[in-house]
Structure formats: structure tokens, C-alpha cells
Amino acid sequence: MSKSRPNLLFIFTDEQALSAVGAYGSSIDTPHLDALAEESILWEQAYVTQPVCTPSRASLLTGLYPHTNGCTENNLPLAADIPCLPELGDFAGYETAYFGKWHLGDEIYPQHGFTHWRSIDDMYYEYYSAGRDRSEASSYTEWLKQAGFTPDVKTEYGMEGFSRSFCARLPEEYSKPAYLGGEASRFVQEYQDSPFILCVNFFEPHMPFFGPRDGQYDPSAVTLPDTFSTPLDPEAPLKERLFKRGYEVQGHSGLPLKTEEHWRRLIANYWGLSSLVDTYVGQILDTLTACG
């Protein structure tokens with residue numbers, strides 16, 4: 001491959017805090033991300049255009065602010081006439097692939113210059129554009145069905161898929177990170193002699209905060225913030241007060257969150273999800289190395 005036509009690999013994770021990456025000083029086990037950081041520019045002051053999934057993703061892929069690309073809140077589609085990464089330059093001859101969470105409309109359908117497409121979520125069907133088949137399931141769902149799993153969701157459109165909670169409870173080899181790691185590695189192997197753009201978008205460590213690595217970290221090792229027992233200021237922003245009330249009443253991710261032990265368990269589970277993703281980031285990076 002000519003150096004003038006480099007491969008481009010983008011790896012996204014979702015809801016991953018600095019405190020869940022070893023390279024930023026955490027004790028969490030993320031060796032592959034840490035090794036990547038060692039040979040990279042590691043940003044210590046970085047800002048997103050908006051801290052919400054759809055607007056932030058749209059900005060990353062288009063280079064435009066949300067108020068310009070039209071994706072100002074979750075579940076708004078990225079318009080067809082707004083150029084996305086593969087449409088922003090001369091990528092003739094490139095293989096272009098988008099694997100994982102999209103969240104920019106028509107979730108399971110290839111679009112915006114990406115030819116190879118692997119989707120992992122069935123729950124965005126109500127936001128598909130007119131004419132899209134809402135009975136179709138994601139690539140990941142079809143993979144799970146072939147592996148013998150029975151869907152736990154059936155929609156009014158006849159789509160049979162899997163809820164996020166169901167997927168999070170699966171053995172690791174059937175998890176979303178394992179699926180994406182395998183699919184991305186196969187793509188790199190197949191197209192190692194062609195220039196390519198590959199975007200891999202992991203869902204984890206996004207909620208629900210449980211998964212196959214729940215036993216990796218001891219909750220007693222979790223240190224809660226100094227402010228954990230500090231009463232919330234009555235003048236705190238409404239969103240903070242609503243979240244606090246919601247956790248008190250409903251809990252989160254199957255935990256009642258009534259005690260410090262509950263919160264430590266939740267955080268330990270979250271750490272496990274971060275390490276889970278790191279393993280399959282490592283699989284992709286190892287494949288890149290093996291393919292030269």
C-alpha cells in the first residue's frame with residue numbers, strides 16, 4: 001500500500017470516563033488502550049461539541065457543529081446531503097466500513113459512503129426513515145440467532161431481536177465487543193492489500209452496567225468520591241436532582257443503590273465493561289500488526 005493512501009482506523013467507546021482508562025492514571029486494567037496511548041498523542045484537555053450521543057457522533061463524523069449538521073439531540077437522522085467521513089475526500093479505491101453503534105438514523109442500513117456495515121442494536125427501528133423495513137434486525141441479532149439464541153423482543157413490525165439487557169447477560173464470546181472485535185479483524189484480514197477506512201463503535205461501557213466481567217473487580221476495592229455522602233444542594237440543577245431521585249426510587253442496572261455496597265458493585269461492574277472493551281480493541285490492533 002502506498003504511504004500516500006494510508007489506512008484509517010477509528011475506534012469509539014461509549015460512556016467511558018477518564019477514570020476507566022489506565023493511560024489516564026486509573027488502576028483499571030486496559031492494557032491495549034494504554035499501549036496505544038504510549039505511541040499516540042494523549043489528549044488531556046479535550047471537549048466535545050455536545051455531551052449527548054447523536055450530536056457528538058455527528059460532529060465527529062462530519063466535522064460540523066450540531067446546529068450546522070442538524071443533529072441537535074438524540075435520535076435525529078444525519079441528513080443524506082451532509083457529507084460524512086468517506087464523503088469528505090478522494091477515497092476512490094478505499095474499502096469503507098462502519099461497524100457498531102451509529103445512532104444517526106436508519107441504524108442497520110449502510111449509508112454516508114460506508115459500504116461495509118455491521119449493526120449491533122435493534123431498538124432504533126421507530127426512527128427509521130420512510131420506506132425502511134422495520135421488520136429487519138441488526139447484523140449482531142442475526143449472528144446471535146445463528147448461534148442458537150432465541151430473541152426476547154418482538155416488535156409490532158414483526159422484528160424479532162434482543163434487548164440490551166439480554167445481550168449484556170450473554171457469555172463473553174457472544175457479547176457485542178466480541179462480535180465487533182471479530183468482524184473488524186476479519187475485515188482487516190480480507191482487505192489488508194487495499195486501503196481502507198474502518199470505524200468500530202463499541203457500545204460498552206454504556207449502561208446497563210453489568211456484563212460478563214462482573215467478577216473481574218472486587219467492589220471492596222472501589223473508592224467512592226469524597227462527596228458521596230454530601231447532601232445535594234437544594235439549588236442544584238434540576239437534572240441532578242431528578243437523577244438522584246430516580247436512583248433512590250428505581251435504582252439502576254438491577255441494583256437498588258440504597259447502600260454504599262450497591263454503588264461499589266455498580267462501579268466494579270462498569271470497570272469490568274471497560275476492560276471487556278479493551279480486550280477486543282486489542283484483538284483489532286493485534287490483527288493490524290499481524291497483517292502488516
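Before any of the text, the structure's been laid out above.
## Here's the deal with the packing of aromatic side chains
- Within this structure, the stated rule accounts for 23 aromatic pairs.
- Judged by centre distance (5.0 Å) and plane angle (45°), the rings of Trp143 and Tyr179 are tilted. Within this pair, whereas Trp143 is found in helix H4 (residues 139-146), its partner Tyr179 is found in helix H6 (residues 176-190), the two being separated by 36 residues in sequence.
- Ring geometry for Phe228 and Trp263: centres 6.2 Å apart, planes at 75°, overall edge-to-face. Of the two residues, Phe228 sits in the loop between strand E6 (196-201) and helix H7 (238-250) while Trp263 sits in helix H8 (residues 260-290), which places them 35 residues apart along the sequence.
- Trp263 gets classed as partly exposed once you look at its relative accessible area, which sits at 22%.
- Ring pairs connect the aromatic residues Tyr140, Trp143, Phe149, Tyr174 and Tyr179, which therefore count as one cluster.
- Stacked on the ring of Tyr157, the Lys or Arg Arg134 has its end atom at 5.8 Å from the ring centre.
- Across from the ring centre of Phe203, 4.5 Å away, lies the NZ or CZ of Lys176, which sits over that ring.

## Side note on the layout of surface pockets
- Here the largest pocket defines a volume of roughly 1900 Å³.
- Mapped by element, the contributors of at least two residues to the lining of the largest pocket are strand E1 (8-12), helix H1 (31-38), helix H2 (53-62) and H8.
- Of the residues forming the lining of the largest pocket, the biggest block, 6 residues, is contributed by H1.
- A breakdown of the residues in the lining of the largest pocket according to their chemical character gives 25 nonpolar, 11 polar and 6 charged.

## Here's the deal with the packing of H1 against H8
- Two elements in contact, H1 and H8, have axes whose closest approach is 7 Å; the angle formed by their N-to-C orientations is 55°. When the axis of H1 is compared with that of H8, the two are oblique. Contacts between H1 and H8 involve Pro31, His32, Leu33 and Leu36 on the former and, on the latter, Asp278, Thr279, Val281, Gly282 and Leu285.
- Split into classes, the residues belonging to the contact of H1 with H8 amount to 5 nonpolar, 3 polar and 1 charged.

## Concerning the sheet that holds E1
- Taken together, 4 strands build an open sheet; the order of strands is E1-E6-E2-E3 and the sheet is parallel. The open sheet has two edge strands with one neighbour each: E1 and strand E3 (116-118). When strand polarity is set aside, the average angle formed by the axes of neighbouring strands in this sheet is 5°.
- Pairing of E1 with E6, which is carried by 5 bridges, proceeds in the parallel orientation. Across the sheet, Leu8 pairs through a bridge with Ile197, a residue of E6.
- Docked against the sheet, H8 engages E1 and E6, running at close to 170° with respect to E1.

Quick notes on the rules
- Residues numbered from 1 in each chain as written.
- Predicted model: local features only at pLDDT ≥ 70, side-chain atom pairs only at ≥ 80, totals over all residues.
- Heavy atoms only, no water.
- Phe/Tyr/Trp six-rings, centres within 6.5 Å; stacked < 30°, edge-to-face > 60°.
- Helix = DSSP H or I, 4+ residues; strand = E, 2+ residues; numbered from the N terminus.
- Buried < 20%, exposed > 50% of the residue type's maximum accessible area, 1.4 Å probe, protein only.
- Lys NZ or Arg CZ within 6 Å of the ring centre and 35° of its normal.
- 1 Å grid on protein atoms, 1.4 Å probe; cavity = no way out; pocket = protein on both sides within 12 Å on 5 of 7 lines; lining within 4 Å.
- Points joined across faces, edges and corners; volume = space filled by probe spheres on them.
- Nonpolar A, V, L, I, M, F, W, Y, C, P; charged D, E, K, R; others polar.
- Axes fitted to C-alpha atoms, helices over the stretch in contact; angles between N-to-C directions.
- Parallel < 35°, antiparallel > 145°, perpendicular 65-115°, else oblique.
- Contact = heavy atoms within 4.5 Å.
- Pairing = 2+ DSSP bridges.

Nothing here speaks to function; it is all geometry.
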